[in-house]
Amino acid sequence: MRLIRRSLLASAVLAAAGIVHAADDVPTGRLPRTVVPSLVQLELKLDPKQANFSGTTRIQAKVAEPTRVVWMHGRDLKIGKAEAIVSGGKRIALTATEAHVSGVLKLTAAETIPAGDATIEIAFEAPFGELQGAYRVKPDGSDYIVTQMEPLGARHTFPGFDEPSFKQPWDITLIVPEGDVAVANSAETKTEKLPGGFKKVTYARTEALPSYLIAFAVGPWDVPLGPDIAPNGSRKTPIKLRGIAAKGQGGKMKYSLANTPVMVKALEDYFGTPYPFDKLDNLAAPDFWAGAMENAGLIVYRDSIMFADESSNVGQRQGYWGTSAHELAHQWFGDLVTMEWWDDLWLNEAFATWMGNKITGQLQPQFHTDRGLLEGALGAMGADSLASTRRVHEPINDFTQIQSAFDGITYQKGGAVLSMFERYVGEIPFRDGVRNYLNAHARGNATSSDLISAIAAQSNDAASIDAAFKSFIDQAGVPFLTVDVDCSNGKPALVLQQQRYLPIGSTASAKQTWGIPLSVRYADGGQVREEKGIVTGQQARFELKQAQACPAWVMPNAHGAGYYRFAMAPKWQDALSGAFAQLDEREQRVYADSVTSAYGAGALTPSQLLAALPRFAGADVRQTANAGMGNIGWMEEYLISDEGKRAEFLSSAAEIYRPRLQTLGLAMKQGESDDDRLSRSNLIGFFANTLKDKSVRADIGKQGRAVLGLDGDGKLNADAVPRDLRGTALAVAVQDGGTAAFDAAEKHFRASQDSVLRSQLLGAMGSATDPALAERSRALVFEQDLLRRNEIFAAVGGQTDEAKLRPVLRDWVDTHFTALEAKLAPAGANLVGLYAAGMCSVEDAATVEAKFAERMKTIEGGPLELKQTVEGIRLCAAAKQARMGQPLEFAKR
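This report concerns the structure included in the present document. Treat the numbers as computed from the prediction; the structure is a model and nothing was measured.

Calculation rules
- Residue numbers here run from 1 along each chain, matching the order of that chain's written sequence.
- Only residues with pLDDT of at least 70 are given local features in this predicted model, and only at 80 or more are side-chain atom pairs given and counted; all residues enter the totals for whole chains, interfaces and linings.
- For the side-chain quantities, the full set of heavy atoms in the structure was used; hydrogens and water were omitted.
- To define axes, lines are fitted to C-alpha atoms, for helices over the stretch in contact only, and angles between the resulting N-to-C directions are given on a 0 to 180 degree scale.
- Here a helix means four or more residues in a row that DSSP labels H or I, a strand means two or more in a row labelled E, and each is numbered from the N terminus.
- Convention used here: angles under 35 degrees read as roughly parallel, angles over 145 as roughly antiparallel, angles from 65 to 115 as roughly perpendicular, and any remaining angle as oblique.
- Should the near helix be turned counterclockwise from the far one by less than a right angle, the crossing is left-handed, whereas a clockwise turn marks it as right-handed.
- Contact definition: two residues touch when any of their heavy atoms are within 4.5 Å.
- Under the grouping applied here, Gly and all other residues not named as nonpolar or charged are polar, the nonpolar ones being Ala, Val, Leu, Ile, Met, Phe, Trp, Tyr, Cys and Pro and the charged ones Asp, Glu, Lys and Arg.
- A pair of sulfur atoms, both from cysteines and within 2.5 Å, is called a disulfide here.
- Here a cavity is any set of points on a 1 Å grid over the protein atoms alone where a 1.4 Å probe fits but cannot get out, and a pocket is any open set with protein on both sides within 12 Å along at least 5 of 7 lines; a residue lines the site when it has an atom within 4 Å of a point.
- Grid points are joined across faces, edges and corners, and a volume is the space filled by probe spheres set on the points.
- Salt bridges, as used here, are contacts in which a Lys or Arg side-chain nitrogen is within 4 Å of a carboxyl oxygen on Asp or Glu.
- In this scheme Phe, Tyr and Trp rings, the latter by its six-membered ring, pair at centre separations within 6.5 Å, and the angle between planes marks the pair as stacked below 30 degrees, edge-to-face above 60, and tilted otherwise.
- Cation placement over rings: the criterion is NZ of Lys or CZ of Arg within 6 Å of the ring centroid and within 35° of the ring normal.
- At least two DSSP bridges between two strands are required for those strands to pair.
- The buried label applies to any residue whose accessible area, calculated with a 1.4 Å probe on protein chains only, is under 20% of its type's maximum; exposed applies above 50%, and partly exposed to all values in between.
- Charged-residue counts in this description rest on Lys and Arg as positive and Asp and Glu as negative, His and the chain ends being excluded.
- Polar contacts here mean pairs of N or O atoms no more than 3.5 Å apart (in protein, one a potential hydrogen donor and the other a potential acceptor; neighbouring residues in sequence count only if both atoms are side-chain atoms).
- Grouping buried Ala, Val, Leu, Ile, Met, Phe, Trp, Tyr and Cys residues that are joined through side-chain atoms within 4.5 Å yields what is termed a nonpolar core.
- By this rule the span expected of a helix is its residue count minus one, scaled by 1.5 Å.
- This arc describes the spread of directions from the helix axis toward the C-beta atoms.

## Topic: the packing of helix α3 (residues 254-271) against helix α5 (residues 314-330)
Then, in step 1: Two elements in contact, α3 and α5, have axes whose closest approach is 10 Å; the angle formed by their N-to-C orientations is 45°. Taken together, the axes of α3 and α5 are oblique relative to one another. Seen along the crossing, α3 lies across α5 with a hand that is right-handed. Together, Y255, S256, N259, T260, V262, M263, V264, L267 and F271 of α3 and R317, Y320, W321, S324, A325, L328 and A329 of α5 make up the contact between the two elements.
Then, in step 2: Each residue belonging to the contact of α3 with α5 can be placed in one class, and the counts come to 11 nonpolar, four polar and one charged.

As structure tokens, then:
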């Protein structure tokens, strides 16, 4: 059977011309539109105690032209009877064949199916999956079913048209054990008792939805009721809000349920459109790979997110607000209006990233979510600097590419680009463009061009904004501006050159340009002025029209709003450095990035970077204070071979950050801010793990021992250390406490169902530096019914930090690759990074490429993950080679 892969453009041309795939061509990208569903009726019989389930799919469809072949999706399904019912009730037998490893299902008709209305009926059986499709969890000895359909899980669960553009209503019926709770996307309308201890639960017809948003759950769930979400604006009826949690856990959802309504109201107010579905359930899943999933009317979260409360650690509590606002934003962006194809995933995820931060910041201003959004953008620039990086709007022609789109480029870069254009266009015009987009495409599909044109239409120059916006999403890379100031002739002007930012050793071309929405702040006499404009071309001149004289300093990324990096001419770099205290907090952060990125590009030596760190460390804002900190561990590992000099280097590095740690103190203070708590946690982790500071390790390790009960009665005392510090405290206690500490951590882990505590205990065991204990931690991965599948990396990830443990860990990954990939699917591609941790030579890159090339070919996200991992190793080797012999000294203080 011949396989073909057509580009999205080619597919569109063929579809427009009325041409479809030949019967023997397998559509591994988009399906042909010969058969288009208009209603799906799905009935499933689900028993959480069984390994398999069964069901019937009845799909009402329009057949565009006579055909003998229907292309659908279905993976690892056992198809029983399949028929097409056509005009007059005639039934035509269908023979089902799984035609491709991606789950393309070929239904061959016994005779031609005529054009017009048809109904496809398929009876099937399927195994429960592993964290995708419908899968089972057993957190407390009881059996539950949870679902995760995005991106390709639906085809593991039922036969259907598993693409975002196939969007139609669904009638869902679940047959389940009569003692179990069963929930789905829409409200329950009827329950019937059946023979054999089962019941049949019928749900209201859904709004038009793609298959990846279908969800259900079965088991002995608690169903705590939240407050109704009160009528708001044009929505005149309340929305029913419920929690869904494992048996006995429902009481932990009080905080999350209480705070959901205010987020829904804020989103309705922004969008000017009511919440789009008939109810809202928040499900706390005991085992879930992603943070959460935006299923229409039934949002699934990791249980730790839904169990946050006022006493939770800062990360968990803020994580609840940020994640919940993100998923609720999806009910409009993704669910009400859905991307047409996976190349536009950013319409869902970038928007929800940006909107989640915006709404959380509005409701919880003390969280400073704008700082987090900026930090995410700067983090995405790391991946975006790779030659192998993706575009935000990346063509997707093969199923392995879809998983790759769920990355920092889509989420953080995409969110930063939205934020940049919101600031440039204006908050209210931008909002109006978003509202127009939603109104135009409600209950349907949309593309990048639809959103961009709606926003650009609200600006003063729609064509320029449209082109500039597309220049950021339709090409990869980070824009890099070199900036000089010309005051020699009339009005002062910025003299700009743009290219792509590249790190040492990159093989990418620097010859790229963008339409950059440049915003500039500068000191002009006694005033600080701000100007903006779109900059295009490799070279440009940007006149400072408001300036009365040559500026004292220029900040070329005003308020840190732009997704670009910059380098100033030496004179102006010195001027900007001298004005550091006059910059706002976001500008200070992007100034720090300009220094660290100059180091990454080879423009600064290690000593020059180290000389800049004390200024950053003294900044008021945590993210700026931490800028460049990660380079210290890299320098220590790869640039210093003598153990004595390593210790001396780390001791000197500690003196940069010790004043801040001393000011914060090692113990929590009553009434201190969340940011101070996060700063203390970050610094203690840095001192304990990277700097190996003996005094900090002794203090925090003692607290970890108290949690484990090692110096007392042996009982767990989870609150013996502040929750923000507990993970580090436990890790240090296990690392320094040997077998006794490991045994205690394992005992408490086996007894706990608290997902946060489990993760911390398991992470502590996974960070054990003793080889025998590290082996014990790896063995936990394959112990039956012990680890939740989202805990696997916690059990072994810490071993990547120890050079002496890495070879054994690599052998373990290599030996158990097939079993590990099955447990982790669809995230099995992450095993490449686990194997490659610490590799930093050209030879290492070749080894990884050879070992995983064949393995990654058919793993979701595998080809790109391997390519980027190999490139990362080569860049590390190039940086190491370039830095050898350069000065590595701290500035005298």
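## Overview of the state of the cysteines
Then, in step 1: The full count for this structure, using the stated rule, is two disulfides.
Then, in step 2: The disulfide bridge from C487 ends at C550, spanning 2.0 Å between sulfur atoms. Disulfide C487-C550: the torsion about the S-S bond is 75°, which places it as right-handed. On the criterion of sequence distance, the pair formed by C487 in the loop between β23 (479-486) and β24 (493-500) and C550 in the loop between β27 (539-543) and β28 (554-555) is long-range, its members being 63 residues apart.

## As for empty space enclosed by the protein
Then, in step 1: Going through the model one piece at a time under the given rule, you end up with five cavities of 30 Å³ or more.
Then, in step 2: Its volume calculated, the largest cavity comes out at about 80 Å³.
Then, in step 3: If you trace the largest cavity, you find 16 residues lining it, with T28, G29, R155, W341 and I402 closest to the centre.
Then, in step 4: Tallied by class, residues from the lining of the largest cavity come to eight nonpolar, four polar and four charged.

## Brief notes about the pattern of salt bridges
Then, in step 1: Taken as a whole and judged by the stated rule, the model has 58 salt bridges.
Then, in step 2: Across the pair D117 and K62 runs a salt bridge whose closest N-O atoms are separated by 2.6 Å. Of this pair, D117 sits in strand β9 (residues 116-127) while K62 is found in strand β4 (residues 52-63), placing the two residues 55 residues apart along the sequence.
Then, in step 3: Among the ionic contacts, a cluster of salt bridges with common partners joins R58, K81, E83, R91 and E121.

## Looking at the packing of aromatic side chains
Then, in step 1: Inspection of every chain in the model, using the stated rule, returns 34 aromatic pairs.
Then, in step 2: Between F580 and F616 the ring centres are 6.5 Å apart and the planes differ by 40°, which places this aromatic pair in the tilted class. Highlighted residues: F580 in the loop between α13 (570-578) and α14 (585-600) and F616 in helix α15 (residues 606-617), separated in sequence by 36 residues.
Then, in step 3: Counting every residue linked through ring pairs, the aromatic cluster contains Y270, F271, Y275, F277, W332, F333, F351, W354, F430 and Y437.
Then, in step 4: Just above the ring of Y501 sits the side chain of R565; from NZ or CZ to the centre is 4.6 Å.
Then, in step 5: Residue placement shows R883 over the ring face of Y599; its charged tip is 3.8 Å from the ring centre.

## A short note on the sheet that holds strand β26 (residues 527-535)
Then, in step 1: A sheet is described by the order of its strands in space; here three strands give the open sequence β26-β25-β28, paired in antiparallel fashion. Of all the strands in the sheet, the pair left with one neighbour each is β26 and β28.
Then, in step 2: Note that strand β25 (residues 516-524) and β26 share nine bridges and pair antiparallel. Looking at the pairing, A523 lines up with V528 of β26.

## Considerations on the environment of M839
Then, in step 1: Assignment of secondary structure puts M839 in the loop between α27 (831-836) and α28 (842-856).
Then, in step 2: Remark: the alpha-carbon pair of M839 and A877, spanning 38 residues in sequence, is separated by 8.5 Å.
Then, in step 3: In this view, M839 contacts Y638, R810, D844, V848, I873 and C876; residues no more than four positions away in its chain are not counted.

## Focus: the sheet that holds β27
Then, in step 1: The four strands are arranged β27-β24-β23-β29 in an open sheet whose pairing can be described as mixed. Of all strands in the sheet, those with a lone pairing partner are β27 and β29 (565-568), marking the two edges. On average, each strand axis in the sheet is inclined to that of its neighbour by 30°, with strand direction left out of account.
Then, in step 2: The pairing of β23 with β29 spans four bridges and is classified as parallel. By the bridge assignment for β29, V483 is matched with M568.

## Things to note about unusual backbone geometry
Then, in step 1: Geometrically, the link from E150 to P151 is a cis peptide bond, its omega value of 0° lying close to zero.
Then, in step 2: At R443, a residue that is not glycine, the phi angle is positive and equals roughly 70°.
Then, in step 3: One can find R443 in the loop between α10 (427-441) and β22 (445-446).
Then, in step 4: For D785, which is not glycine, the phi torsion reads 60° and is therefore positive.
Then, in step 5: Its place among the elements puts D785 in the loop between α23 (771-779) and α24 (792-796).

## Let's talk about the pairing of strand β6 (residues 78-85)
Then, in step 1: Of the pairings in the sheet, the one linking β6 to β9 comprises six bridges and is antiparallel in character. For E83, the partnering residue across the bridge sits in β9 and is E121.

## Details of the side chain of N557
Then, in step 1: Note that N557 resides in the loop between β28 and β29.
Then, in step 2: For N557, a relative accessible area of 1% gives the class buried.
Then, in step 3: Residue contacts for N557: discarding those within four places in its chain leaves S519, G562, Y564, F566, E587 and V590.

## Looking at the side chain of K199
Then, in step 1: Note that K199 resides in strand β15 (residues 198-203).
Then, in step 2: Summary of buried charges: K199 has no salt-bridge partner, and the nearest side chain of opposite charge, E188, is 6.7 Å away.
Then, in step 3: A polar side-chain atom of K199 sits 2.6 Å from the main-chain carbonyl oxygen of D180.
Then, in step 4: Discounting residues that sit within four places of it in the chain, K199 has contacts with L174, I175, V176, P177, E178, D180, T191, E192, K193 and L194.

## Section: the packing of α5 against helix α6 (residues 345-363)
Then, in step 1: Closest axis-to-axis distance for the α5/α6 pair is 7 Å, and the angle between their directions is 125°. Relative to α6, α5 is oriented oblique. In this structure, the crossing between α5 and α6 has a hand that is right-handed. When α5 is examined against α6, the residues W321, G322, A325, H326, A329 and H330 are found in contact with a partner set consisting of N348, E349, A352, T353, M355, G356, T360 and L363.
Then, in step 2: When its residues are assigned to classes, the contact of α5 with α6 shows six nonpolar, seven polar and one charged.

## Comments concerning the pairing of strand β17 (residues 241-244)
Then, in step 1: Pairing of β17 with strand β18 (residues 280-285) involves four bridges; the strand directions are parallel. Its bridge partner lying in β18, L241 is registered against L280.

## Observations regarding the nonpolar core
A general trend in soluble globular proteins is that nonpolar side chains are found buried together.
Then, in step 1: In this structure, L46, F271, W346, L494, L518, Y657 and V848 are the most contacted members of the largest nonpolar core, which totals 267 residues.
Then, in step 2: Ranked by residues supplied to this core, first place goes to helix α21 (residues 726-751) with 10 residues.
Then, in step 3: Sequence-distant contacts of L494, that is, excluding residues within four places in its chain, are made with V483, D484, V485, L518, V520, A540, R541, F542, L544 and V554.

## What about helix α20 (residues 694-708)?
In an α-helix, one turn spans 3.6 residues, which is why side chains three or four residues apart end up on the same side.
Then, in step 1: Across its 15 residues, α20 extends 21 Å between first and last C-alpha, which sits within 8% of the 21 Å expected from 1.5 Å per residue.
Then, in step 2: Those residues of α20 that fall on the buried side of the exposure criterion are V696, R697, I700, G701, Q703, G704, V707 and L708. Along the axis of α20, the buried residues cluster in a sector spanning 160°; they form a single face. α20 presents K694, A698 and K702 as exposed residues on the side facing more than 90 degrees away from its buried surface.
Then, in step 3: The secondary structure elements touched by the buried residues of α20 are α18 (643-664), α19 (674-690), α21 and α22 (755-766).
Then, in step 4: Residue G709 follows α20 closely and has a positive phi angle near 75°.

## What about helix α29 (residues 862-883)?
Then, in step 1: Under the 1.5 Å per step criterion, the end-to-end length of α29 is 32 Å for 22 residues, consistent within 8% with the ideal 32 Å.
Then, in step 2: The set of residues buried in α29 consists of G862, L864, L866, T869, V870, E871, I873, L875, C876, A877, A879 and R883.
Then, in step 3: G885 occupies a position one or two residues after α29 and carries a positive phi of about 90°.

## As for the environment of R586
Then, in step 1: Summarising the element assignment, R586 is placed in helix α14.
Then, in step 2: Residues R586 and V621 lie 35 residues apart in sequence; the distance between their C-alpha atoms is 9.0 Å.
Then, in step 3: Once residues lying within four places of it in the same chain are set aside, the contact partners of R586 are D370, R371, L374, H559, G560 and A561.
Then, in step 4: Of the polar contacts made by the side chain of R586, one reaches the backbone oxygen of D370; its length is 2.9 Å.
Then, in step 5: A polar atom in the side chain of R586 sits 3.1 Å from the backbone oxygen of G560.

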